[in-house]
Amino acid sequence: HVRRMAVGMFLTSISFVVSGTLESAIEAREEAGEEKISVFWQLLQITILACAEILVSVTGLEYSYSSSPESMKAFVLALYLLTTSIGDLLGGVLYSSVFATLNRAITLHLCAFIMLLNLFCFIGVARWYENSIVQKDENEG
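Note that the coordinates shown come from a computational prediction; the quantities given were computed from them, not determined experimentally.

Criteria and thresholds
- Within each chain, residues carry numbers counting from 1 in the order of the written sequence.
- Two thresholds apply to this predicted model, a pLDDT of at least 70 for residue-level local features and 80 or more for giving and counting side-chain atom pairs, whereas whole-chain, interface and lining totals are computed over all residues.
- Derived side-chain values reflect all non-hydrogen atoms in the structure, with water molecules and hydrogen atoms excluded from consideration.
- By the criteria applied, helices consist of DSSP H or I runs no shorter than four residues and strands consist of E runs no shorter than two, each listed in order from the N terminus.
- Atoms counted for the radius of gyration: C-alpha only. Globule rule: 2.2 Å times the number of residues to the power 0.38.
- Relative accessibility thresholds used throughout: buried, under 20% of the residue-type maximum; exposed, over 50%; partly exposed, between the two (1.4 Å probe, protein chains only).
- Contacts are assigned to residue pairs with any non-hydrogen atoms lying within 4.5 Å of each other.
- Only the protein chains shown count as covering a residue, and every accessible area follows the Shrake-Rupley method with a 1.4 Å probe.
- For the purpose of charge, His is not counted, nor are the chain termini; Lys and Arg are scored as positive and Asp and Glu as negative.
- Note that the charge is assigned to NZ on lysines, CZ on arginines, CG on aspartates and CD on glutamates.
- In this analysis, the expected span of each helix is defined as 1.5 Å times one less than the number of residues it contains.
- In protein, a polar contact means a hydrogen-donor-capable atom and an acceptor-capable atom, both N or O and within 3.5 Å, with residues adjacent in sequence counting only if both atoms are side-chain atoms; elsewhere, any N or O pair within 3.5 Å suffices.
- To define a nonpolar core, start from buried Ala, Val, Leu, Ile, Met, Phe, Trp, Tyr and Cys residues and group those joined through side-chain atoms within 4.5 Å.
- Convention adopted: a line fitted to C-alpha atoms gives each axis, helices being fitted over their contacting stretch, and angles between N-to-C directions are expressed from 0 to 180 degrees.
- Here roughly perpendicular refers to angles of 65 to 115 degrees, roughly parallel to angles under 35, roughly antiparallel to angles over 145, and oblique to all remaining angles.
- Note that Gly is not counted as nonpolar here; it falls among the polar residues with everything else outside the nonpolar set of Ala, Val, Leu, Ile, Met, Phe, Trp, Tyr, Cys and Pro and the charged set of Asp, Glu, Lys and Arg.

Peer 1: Give a description of the overall build of the protein that names residues and reports values.
Peer 2: The helix and strand tally for the protein stands at four helices and zero strands. Along the protein, helices and strands appear, N-terminal first, in the series α-α-α-α. The globule rule puts the C-alpha radius of gyration for 141 residues at 14 Å, and the 19 Å found for the protein is more than 25% above it. In terms of principal-axis extent, the alpha carbons of the protein reach across some 70 × 25 × 25 Å. Considering the protein as a whole, with its 141 residues, one finds that 22% of them fall into the buried category. Taking all contacts inside the protein whose residues are at least 6 apart in sequence as the whole, residues at least 24 apart take part in 71%. Just so you have it, the protein exposes about 9,900 Å², and 68% of that area is on carbon and sulfur atoms. Positive and negative side-chain charges in the protein, numbering 8 and 14 respectively, have mean positions lying 3 Å apart.

Peer 1: Just give me the short version of helix H4 (residues 104-140), but keep the residues and values in it.
Peer 2: Residues separated by three or four positions in an α-helix point in the same direction, a consequence of the helix having 3.6 residues per turn. Relative to the 54 Å expected for 37 residues at 1.5 Å per residue, H4 spans 53 Å between its end C-alpha atoms, a close match to the ideal helical length. Residues of H4 that are buried: Ala105, Thr107, Cys111, Ala112, Met115, Leu119, Phe122 and Ala126. Buried residues belonging to H4 abut helix H1 (2-32) and helix H3 (73-97). Structurally, the start of H4 carries an N-cap: the backbone nitrogen of Ala105 is 2.6 Å from a side-chain oxygen of Asn103.

Peer 1: Can you explain the nonpolar core? Please cite residues and give values.
Peer 2: One finds Met5, Ala6, Met9, Val56, Met115, Leu119 and Phe122 forming the largest nonpolar core, which totals seven residues. Contributing elements (two or more residues each) for this core: H1 and H4. Sequence-distant contacts of Val56, that is, excluding residues within four places in its chain, are made with Met5, Gly8, Met9 and Tyr80.

Peer 1: If you had to explain the packing of H1 against H4 to someone new, which residues and values would you point to?
Peer 2: Close contact between H1 and H4 brings their axes to 8 Å; oriented N to C, the two are set at 170°. Taken together, the axes of H1 and H4 lie roughly antiparallel to each other. The residue inventory of the contact of H1 with H4, partitioned by class, reads 16 nonpolar, eight polar and four charged.

What follows is the structure, encoded as structure tokens:
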């Protein structure tokens, strides 16, 4: 589960880089008065982001469901979705305040960097969690 989620986070970061690069190209063409870029140029970033979303969200829901006790499954899934909605809210606040003054391409590249930081934090927490489970199993067995 952890590897799939980590790959999804990495793909999200790549999608932001692709989006930022495309946004830079759009801005450069606008400044030069050249023809606009086709909307189909967005297919790559959308495809990468869709794959990343599947790897992170679906895997996270699957892990939450499979590792929670039978009597807590609905509650654990509700908490998972609650943290997702809080993250979306905080992202909206960040975008409308801090990122509002930045160039869109810079904003997208900054989001890619933030996602990489998030990935490294996730890997650290996941390793700690897996080690604590192994130690718990060794102490019980």
